[in-house]
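Chain by chain, the residues:
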Amino acid sequence: MDSLRNTFMSAYKNRLYPNRWDWLALCLVLAIIGFFAWSAKQMSVPYHLGEQIPISLDPRHLPSYALQTAARMFVALLFSLLFTFIFGTWAAKSKRAERLIIPVIDILQSIPVLGMLSITIVGFIALFPNRLLGPECAAIFAIFTSQAWNMAFGFYQTVRTVPSDLNEAAKMFHLSAWQKFWRIDVPFSWPGLLWNMMLSMSSGWFFVVACEAISVSNQQILLPGIGSYITYAIANADMRAIGYAILAMFFMILIYDQILFRPLVSWAEKFKYEQGWHERSSDSWVITLLHRTRVLKKLTEPFENIFNAMVNVSIFRKTKIKEISSSPRYERILNWGWNILLAALFLGSLGFLFYFVFTNLPAASISHVFRLGFYTAIRVFFSIILCSLIWIPIGVWLGLRSGAAKIAQPIAQFLAAFPANLLYPLFVIGIVKYHLNPEIWLTPLMILGAQWYVLFNVIAGASQIPKDLLQVTDMFGVTGWSRWKKLILPGIFPYFITGAITAVGGAWNASIVAEVVSWGNQKLVASGIGAYISEYTTAGDFPHIALGIGVMCIFVLTLNRLVWRPLYVLAVTRFRLD
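Residues numbered from 1 in each chain as written. Predicted model: local features only at pLDDT ≥ 70, side-chain atom pairs only at ≥ 80, totals over all residues. Heavy atoms only, no water.

Digging into the overall build of the chain
1) Next: Broken down by element type, the chain carries 24 helices and four strands.
2) Next: For the chain, the residues scored as buried account for 50% of the 578 residues in total.
3) Next: Surface exposure of the chain reaches about 28,500 Å², of which carbon and sulfur atoms provide 69%. (Helix = DSSP H or I, 4+ residues; strand = E, 2+ residues; numbered from the N terminus. Buried < 20%, exposed > 50% of the residue type's maximum accessible area, 1.4 Å probe, protein only. Areas by Shrake-Rupley, 256 points an atom, 1.4 Å probe, with all protein chains shown as cover.)

Here it is as C-alpha cells:
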C-alpha cells in the first residue's frame, strides 16, 4: 500500500514540475514578450519634427529593422482583426448597416496609402508631440488601411453564407447573438479569414516602403525599418543592399509563418465545414511543443476558462419586438428614411469635395484627372483579367489538396509580400535599354498588388467545397469542364468575387507605386491617376491630392456598383453551397 501511495505521489509531483518542453516553450514565450516590449520602447523615443533619423545600409542593422517593421505590422493586424469582427459582422447581420458599411469600405480601400498618410500624419504628430510615436502611429494606421478592408469584406462574405443547417442548429439551441458569433460565425469563417489575414500581412509588406518612408510637404520621415532601408537603397542604386533586404524579408516571413500562421492553419482545420474524420491535420511544431508541456498547460487553464466563460455569456439575445416595428409599413418608412439619410451624406460629401476643388483648382484640372483615371482603369481591368486566368486554376488545385497548400503557403506569402520597389532596377534597366513604352511595361508592377487577393480567396473557397460533393462527382464520373461548370466554379464563385473586389482596390492602390518608378537618378512615369497622386503627395499640394483621391474613389465606387456588386449578389443568392 505504501509503495502504491508513493508511486501516486511521485506521479502527482511530476505533473507539477516542468519538463524539457516547458523550458523550450518558456523561452519562446519570453522571446515574444521581449520582442513587443523592445518594439514599444523603440516607438516611444523622443523625436522632433524635421529631425533626420539615420538609416544605414550596413546589413548588421537589418535584423533590428526587420523586427521594428514586423512589430508595426502585427499591431496593425491586431486592429484589423478587431475592425473585421465589429464592422464585418455588423454589415452581415444588418441590412441598414450593410448599406452604409460596404460602400464606405469600397471608398476606403480605394484611397491610396500615400493619401492616408498625407491626411493622418499631421494629426498623429500633434497627438504625440516630440515623440516618435506620432509618425509610428501614422505608419501603423497606413499599414492597417492595407490590411483591414480585405479582411472585413471577406469575413462579411463568409458570415452571410453560413449554411442554413448551422443557423437552424443555433436556433434550436437558443443561442444568443453573442454565442452564435463565437460558436458558429467565427469558426465557420475562420479558415477563409485566416487566408485573408495572411494575405493582409503580405500586402502590408507590399506597402511598407510607402508607410515607413513618409514623404509629405517636401519633407521625408524615415522610420527605422526594412521599408526605409529599401527606399535608401533605391535612392543610392545599391543592388547589394537590395539583395540583403530580400534575404531579411524571407527570414522574417519564414519566422512569423512558423510561429503564428502555421499553428493557426493547423488549428483552423478542425473548423472546416464537412471535414472528414480521417483527414490529417497540418503539422505545426509550435502546437506539438505546447501539447507536450506540463506546467504551461496548467498555467493557461485559467485563461482558457475565462475565454470559455466569455464566449458562453448570454448577451445580445433577441427580445420581443413591438408589433408596430415588424409591420411592413413601418419597415418601409424606416428604410426610406435611412436611404435618404445615406444619400444626403453621400451627396453632401461629394458637394463639399467639389466645392473645395473648384475653389482651389481650375476646371481644366478636373477633366485632366478624369482622363488619367480612365488610363489607370484600363490597366486595372486588364490586370484583373490576367490575374484571374492565371490564378483561378492554380488556386483551385491548391485548395483541393491540403498537402500542396501546406507547401505553397509560405511560398505564396513570401511572393505576395515582395515589394514592387525591389523590382524597380529590373524594370527601369529593361525599359531604358530596349526603349520600351512605360505606359505598357509598368503595368506588371500593378499586377503584383492585385493577383494575391484572387489567389488566396480562391484557395479559401476551394478548400471549403464539401468533400461529399467532390466524392459524388467522382462517383458519377463528372470530369473536365463539366466538373468545373457544375461544382468548382459555383463553389468558389462567392470567394472569387470577394477576392476580385479587393483585388480591384489593391490594383488602384498599387498604381501609386507602379506608375512612378525610379532607380538612382533614372525615373519613369506612366500616365495615370496613381502617378498624379504620388507627385502631388510628395509636393504636399493638398487640393491636388484631394482631387486625385476623390476621382479615384468615384471610379472605384462606380465600377463596384455597376459590375462587382451585382456579381456578388448573384454569388450569394445562386451559388451558395448549403
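Resuming the write-up.
Considering empty space enclosed by the protein
1) Next: Summed over the entire model, instances satisfying the criterion amount to seven cavities of 30 Å³ or more.
2) Next: Approximately 90 Å³ is the volume attributed to the second largest cavity.
3) Next: For the second largest cavity, the full set of lining residues is Gln109, Thr145, Ser146, Trp149, Asn150, Phe207, Tyr453, Thr502, Gly505, Gly506 and Asn509.
4) Next: Listed by contribution, the elements that provide at least two residues to the lining of the second largest cavity are helix 6 (133-160) and helix 22 (480-514).
5) Next: The residue makeup of the lining of the second largest cavity, split by class, is three nonpolar, eight polar and no charged. (1 Å grid on protein atoms, 1.4 Å probe; cavity = no way out; pocket = protein on both sides within 12 Å on 5 of 7 lines; lining within 4 Å. Points joined across faces, edges and corners; volume = space filled by probe spheres on them. Nonpolar A, V, L, I, M, F, W, Y, C, P; charged D, E, K, R; others polar.)

Brief notes about the environment of Phe144
1) Next: Residue position: Phe144 is located in helix 6.
2) Next: Measuring from C-alpha to C-alpha, the distance between Phe144 and Leu77 comes to 6.7 Å, with 67 residues separating the pair along the chain.

Remarks on the side chain of Ser511
1) Next: Tracing the backbone shows Ser511 in helix 22.
2) Next: The contact partners of Ser511, leaving out residues within four places of it in the chain, are Thr376, Met446, Gly530, Ala531 and Met552. (Contact = heavy atoms within 4.5 Å.)

What to know about the side chain of Glu212
1) Next: As for its position among the elements, Glu212 is in helix 9 (residues 208-212).
2) Next: According to the relative accessible area criterion, Glu212 is buried, its value standing at 0%.
3) Next: Polar contacts involving the side chain of Glu212 include one to the side chain of Thr69, which spans 2.7 Å.
4) Next: When residues no more than four places from it in sequence are discounted, the contact partners of Glu212 are Thr69, Arg72, Ile221, Leu222, Leu223, Gly225, Ile226, Gly227 and Ser228. (Polar contact = N/O pair within 3.5 Å; in protein donor to acceptor, adjacent residues only side chain to side chain.)

Observations regarding a nonpolar patch on the surface
1) Next: Residues Phe374, Tyr375, Ile378, Phe381, Phe382, Ile385, Leu386, Leu389, Ile390 and Ile394 make up a contiguous nonpolar surface patch of about 950 Å² in total accessible area.
2) Next: Checked against the element boundaries, Ile378 lands in helix 15 (residues 363-399). (Patch = residues over 30% accessible without salt bridge, like charges linked within 9 Å, V, L, I, M, F, W, Y side chains within 5 Å. Salt bridge = Lys/Arg side-chain N within 4 Å of Asp/Glu carboxyl O.)

Section: the packing of helix 6 against helix 22
1) Next: Their axes nearest at 10 Å, the elements helix 6 and helix 22 cross at an angle of 160°. In terms of their interaxial angle, helix 6 and helix 22 are classed as roughly antiparallel. You can see that helix 6 and helix 22 cross each other, and the crossing is right-handed. Facing Asn150, Phe153, Gly154, Gln157 and Thr158 of helix 6, the residues of helix 22 in contact are Pro494, Tyr495, Thr498, Ile501 and Thr502.
2) Next: In the contact of helix 6 with helix 22, the residues fall into four nonpolar, six polar and no charged. (Axes fitted to C-alpha atoms, helices over the stretch in contact; angles between N-to-C directions. Parallel < 35°, antiparallel > 145°, perpendicular 65-115°, else oblique. Left-handed = near helix turned anticlockwise from the far one by under 90°.)

Considering the packing of aromatic side chains
1) Next: Applying the stated rule across the entire model yields 25 aromatic pairs.
2) Next: The structure contains a cluster of three or more aromatic residues connected by ring pairs, namely Phe83, Phe87, Trp90, Phe124, Phe141, Phe144 and Trp149.
3) Next: If you follow Arg292 out to its NZ or CZ, it ends over the ring of Trp21, 4.9 Å from the centre. (Phe/Tyr/Trp six-rings, centres within 6.5 Å; stacked < 30°, edge-to-face > 60°. Lys NZ or Arg CZ within 6 Å of the ring centre and 35° of its normal.)

Some remarks on the nonpolar core
1) Next: Residues Met197, Trp205, Phe261 and Trp508 are the most contacted members of the largest nonpolar core, which totals 157 residues.
2) Next: For this core, the element with the highest residue contribution is helix 22, accounting for 17 residues.
3) Next: Apart from residues lying up to four places away in sequence, Trp508 is in contact with Gly373, Thr376, Ala377, Val380, Ile529, Met552, Phe555, Val556 and Leu559. (Core = buried A, V, L, I, M, F, W, Y, C linked by side-chain atoms within 4.5 Å.)

Some points on the pattern of salt bridges
1) Next: Scanning the model with the defined rule gives 10 salt bridges in all.
2) Next: Note that Arg262 is salt-bridged to Asp257, the shortest N-O span being 3.6 Å.
3) Next: Among the residues examined, Arg262 registers a relative accessible area of 8% and is labelled buried.
4) Next: Under the relative-accessibility criterion, Asp257 is labelled buried at 0%.
5) Next: In this structure, Arg379 engages Glu439 in a salt bridge whose closest nitrogen and oxygen atoms are separated by 2.6 Å.

Quick word on helix 3 (residues 62-93)
1) Next: With 32 residues, helix 3 extends 45 Å from end C-alpha to end C-alpha; this agrees with the ideal 46 Å at 1.5 Å per step.
2) Next: Of all bends in helix 3, the biggest is about 25°, found at Thr84. (Expected span 1.5 Å × (residues − 1). Bend = angle between axes of the 7 residues up to and from the residue.)

Let's talk about unusual backbone geometry
1) Next: Here the phi dihedral of Asn130 falls at roughly 60°; this positive angle occurs in a residue that is not glycine.
2) Next: By the secondary structure assignment, Asn130 is in the loop between helix 5 (113-127) and helix 6.
3) Next: Positive phi, close to 55°, is recorded for His174, a residue that is not glycine.
4) Next: Mapped onto the secondary structure, His174 falls in the loop between helix 7 (164-172) and helix 8 (177-206).
5) Next: For His174, a relative accessible area of 58% translates into the label exposed.

Fair warning: the whole summary comes from geometry, so function is off the table for now.
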